[in-house]
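Next come the chains, spelled out residue by residue.
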Amino acid sequence: MNDTDDRFMHGDNRQQNNTSTGNDGSQGSDKAQQNREQAQQKARETADQAREEALRRADSQKGFVADYISNFSEAVRSMAMQFKDQDQVSLADYTYRLADRTDTLADHLRDEKSESLLKEVQDFSRREPALFIGGMVAGGFLLSRFLKSSNR
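Keep in mind the model is a prediction, meaning the values are calculated, not measured.

Asker: Quick question: what am I supposed to make of the packing of aromatic side chains here?
Answerer: The geometry of an aromatic ring pair is captured by the separation of the ring centres together with the interplanar angle, meaning the angle of the planes. Following the criterion strictly, the structure yields 2 aromatic pairs and no others. Ring centres 4.9 Å apart and planes at 90° place the aromatic pair F64 and Y68 in the edge-to-face group. Taken together, the positions of F64 and Y68, both in helix α1 (residues 3–85) and 4 residues apart, correspond to about one turn of that helix. Looking at F64, the relative accessible area reads 47%, which means it is partly exposed. With a relative accessible area of 29%, Y68 lands in the partly exposed category. Centroid distance F124 to F132: 6.5 Å. Interplanar angle 65°. Geometry classified as edge-to-face. A relative accessible area of 28% means that F124 is categorised as partly exposed. The exposure class of F132 is partly exposed, given its relative accessible area of 24%.

The rules behind the values
Residues numbered from 1 in each chain as written. Predicted model: local features only at pLDDT ≥ 70, side-chain atom pairs only at ≥ 80, totals over all residues. Heavy atoms only, no water. Phe/Tyr/Trp six-rings, centres within 6.5 Å; stacked < 30°, edge-to-face > 60°. Helix = DSSP H or I, 4+ residues; strand = E, 2+ residues; numbered from the N terminus. Buried < 20%, exposed > 50% of the residue type's maximum accessible area, 1.4 Å probe, protein only.

The following block contains the structure:
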């Protein structure tokens, strides 16, 4: 055998080895792809279950939150009456409006499903991010003040 024949033979063998390795690699790659897809499917199922559980818990708690908002509304309405008794008509008007809006919010919470409420909040936060964050901070402050005063 000459040198050219030898290279031709080794080249041929290398090609055959690469082909068989390629098949094993392909099978390993297919197996890895299947494992990846199964893991992704399991992750989706777990996320869906977690979301369903969170929505179920939110549905059970939204009545509680709506009751707190209604209590807050009554406190604001009481404050409005005090302003009216003190002849502070414009301040009384603003606080009556706030009480009406919080009543509307409480009713909305009671009537809507948690999933649609979540979608509304997400849409609003995308449209008005600064207002959303400011509202969350203000709402948290007001809620903490209300909870502190109701514990006394």
